Amino acid sequence: MKKNIIFSSRGRRADVGEYKIYRIFPNHYARSAGPFVFLDYAPPVLHAADEPHKVVNGSGAHPHRGIATLTYVLNGEADHFDSNGHHARVYSGGAQWMKAGTGVIHDEAMNPDPNTGDHLTHAFQFWVNLPAANKKEKPDYLPVQANEMPVKNLPGNAGWLKVVSGAYEELVSKIPSYLEQFIYHIHLEAGKEFVLHGQAGIEYAIFLPTHATIVNDVMYSDGAFLFLDTQQGTIELKNPSGAAAEIIVFGGAPYTEPIVAEGPFVMNTHEEIVAAYTDFHQGKYGKIEYSQH
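Residues numbered from 1 in each chain as written. Predicted model: local features only at pLDDT ≥ 70, side-chain atom pairs only at ≥ 80, totals over all residues. Heavy atoms only, no water.

### Digging into helix α2 (residues 270-281)
Then comes step 1: For α2, with 12 residues, the first-to-last C-alpha span of 17 Å sits near the 16 Å given by 1.5 Å per residue.
Then comes step 2: Here α2 has its buried residues at I273, A276 and D279. Buried positions in α2, seen along its axis, are confined to an arc of 130 degrees and lie on one side of it. Residues of α2 that are exposed and point more than 90 degrees away from the buried face comprise H270, E271, V274 and H281.
Then comes step 3: After α2 finishes, the residue G283 shows a positive phi value of roughly 80 degrees. (Helix = DSSP H or I, 4+ residues; strand = E, 2+ residues; numbered from the N terminus. Expected span 1.5 Å × (residues − 1). Buried < 20%, exposed > 50% of the residue type's maximum accessible area, 1.4 Å probe, protein only. Arc of directions from axis to C-beta.)

### Here's the deal with the pairing of strand β17 (residues 181-188)
Then comes step 1: Of all the 8 residues making up β17, 8 are buried; the element is thus mostly covered by neighbouring parts of the structure.
Then comes step 2: The side-chain alternation of β17 yields two buried faces, one formed by Q181, I183, H185 and H187 and the other by F182, Y184, I186 and L188.
Then comes step 3: Pairing between strand β14 (residues 159-165) and β17: 6 bridges, direction antiparallel. Paired with G159 across the strands is L188, a residue of β17.
Then comes step 4: Across 8 bridges, β17 lies against strand β24 (residues 245-252) in antiparallel orientation. Each bridged residue has a counterpart across the sheet, and for F182 the counterpart in β24 is G251. (Pairing = 2+ DSSP bridges.)

### A word on the environment of H80
Then comes step 1: Topologically, H80 is positioned in strand β7 (residues 77-82).
Then comes step 2: For H80, a relative accessible area of 1% puts it in the buried group.
Then comes step 3: Sequence separation between H80 and M110 is 30 residues; the distance between their C-alpha atoms is 9.2 Å.
Then comes step 4: There is a polar contact of 2.9 Å between the side chain of H80 and the side chain of D82. (Polar contact = N/O pair within 3.5 Å; in protein donor to acceptor, adjacent residues only side chain to side chain.)

### Topic: the sheet that holds strand β21 (residues 218-220)
Then comes step 1: With antiparallel pairing, 4 strands are arranged side by side in an open sheet as β18-β23-β20-β21. Taken across any chain shown, the strands that pair with only one partner, and hence form the sheet edges, are β18 (193-198) and β21. When the angles between neighbouring strand axes are averaged without regard to direction, this sheet yields 25 degrees.
Then comes step 2: Sheet topology note: the β18/strand β23 (residues 233-238) ladder contains 6 bridges and is antiparallel. (Axes fitted to C-alpha atoms, helices over the stretch in contact; angles between N-to-C directions.)

### Focus on the pattern of salt bridges
Then comes step 1: One pass over the structure, following the stated rule, counts 13 salt bridges.
Then comes step 2: Close ionic contact of K2 with D217 constitutes a salt bridge, the shortest N to O distance being 2.3 Å. Of this pair, K2 sits in the segment before β1 (5-10) while D217 sits in the loop between β20 (213-215) and β21, placing them 215 residues apart in sequence.
Then comes step 3: Put simply, E169 and K152 hold a salt bridge, and the shortest N to O gap is 2.4 Å. Of the two residues, E169 sits in the loop between β15 (167-168) and β16 (171-172) while K152 sits in strand β13 (residues 151-153), which places them 17 residues apart along the sequence.
Then comes step 4: Salt bridges linked by common partners bring K2, D217 and E236 together as one network. (Salt bridge = Lys/Arg side-chain N within 4 Å of Asp/Glu carboxyl O.)

### A word on unusual backbone geometry
Then comes step 1: Cis rather than trans, the peptide bond between F25 and P26 has omega equal to 5 degrees.
Then comes step 2: Looking at the element boundaries, P26 is found in the loop between β3 (22-25) and β4 (36-46).
Then comes step 3: One non-glycine residue with positive phi stands out, namely N216, at about 50 degrees.
Then comes step 4: Inspection of the secondary structure assignment puts N216 in the loop between β20 and β21.
Then comes step 5: The phi angle at D217 is positive, at roughly 75 degrees, despite the residue not being glycine.

### Quick look at the packing of aromatic side chains
Then comes step 1: Applying the stated criterion across every chain yields a total of 21 aromatic pairs.
Then comes step 2: Centre to centre, the rings of F7 and F225 are 6.1 Å apart; their planes meet at 45 degrees, and the pair counts as tilted. Note that F7 is positioned in strand β1 and F225 in strand β22 (residues 224-228), a separation of 218 residues in sequence.
Then comes step 3: Between F38 and W127, the ring centres sit 4.0 Å apart and the planes meet at 20 degrees, which makes this aromatic pair stacked. Pair noted here: F38 is in strand β4 and W127 is in strand β11 (residues 120-129), with a separation of 89 residues, a long-range link.
Then comes step 4: By relative accessible area, which is 10% here, W127 ends up buried.
Then comes step 5: Here a set of aromatic residues connected by ring pairs shows up, and it is made of F7, F25, Y29, F36, Y41, F124, F126, F207, F225, F227 and F250. (Phe/Tyr/Trp six-rings, centres within 6.5 Å; stacked < 30°, edge-to-face > 60°.)

What follows is the structure, given as structure tokens:
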């Protein structure tokens with residue numbers, strides 16, 4: 001039996017500074033998919049070879065509390081600084097995970113990957129809502145490069161599946177999980193198909209960043225976001241185009257605690273939101289020491 005698609009939608013422009021961004025999720029139809037409460041998409045941008053390198057200097061610094069951010073870089077270099085003393089760069093095919101916990105300030109910038117020479121930037125940022133107990137933990141950070149990401153080839157030379165977060169069969173991501181969660185990047189070659197078996201009671205969402213794709217016998221254009229039912233069933237993906245399609249499948253166990261979100265904070269009560277803002281304005285999240293790097 002095939003899983004039912006409850007709704008489909010499209011993101012809205014939500015540019016951040018000079019970055020062209022589409023806010024894919026949440027939307028009017030759903031507030032979460034498993035523990036994921038947010039997805040921003042930065043579509044492919046081809047940069048001029050002589051374009052100045054973006055420097056992380058504090059102009060984009062902002063706080064978070066109660067979540068983990070997960071930035072997945074399809075193309076480019078992501079530079080990260082935070083007030084917990086972490087600094088790292090991840091490159092095309094890699095990801096960076098930051099647990100905000102009790103509160104952190106971070107700053108980041110995207111540039112083309114100097115190792116590939118393709119002059120592209122292309123990325124996603126997810127917010128993972130932490131369980132109430134983990135919202136009280138100290139911040140943490142983990143960069144994961146492309147060669148550390150588990151990948152397997154699909155049957156029939158159909159492409160490959162990368163586990164960005166969570167697990168798929170024998171593949172397990174290095175990125176921490178506090179509830180059952182997953183992000184799969186499926187690279188589906190032209191004219192090929194792949195069937196994903198969905199578990200009962202688990203929430204599944206799909207985003208199609210690059211090409212129209214047939215999902216359970218219905219064609220959806222690029223840029224479509226799909227939310228599926230929680231019944232056990234299959235997700236049949238078919239690529240009718242003449243080029244390889246990228247497909248992002250994500251979700252997990254339903255988040256059962258209350259969700260109260262405002263700005264960069266996601267907590268369980270309104271009182272906790274007030275405390276998050278108060279602590280930030282009182283300087284309790286620390287500051288980023290750019291000069292040490």
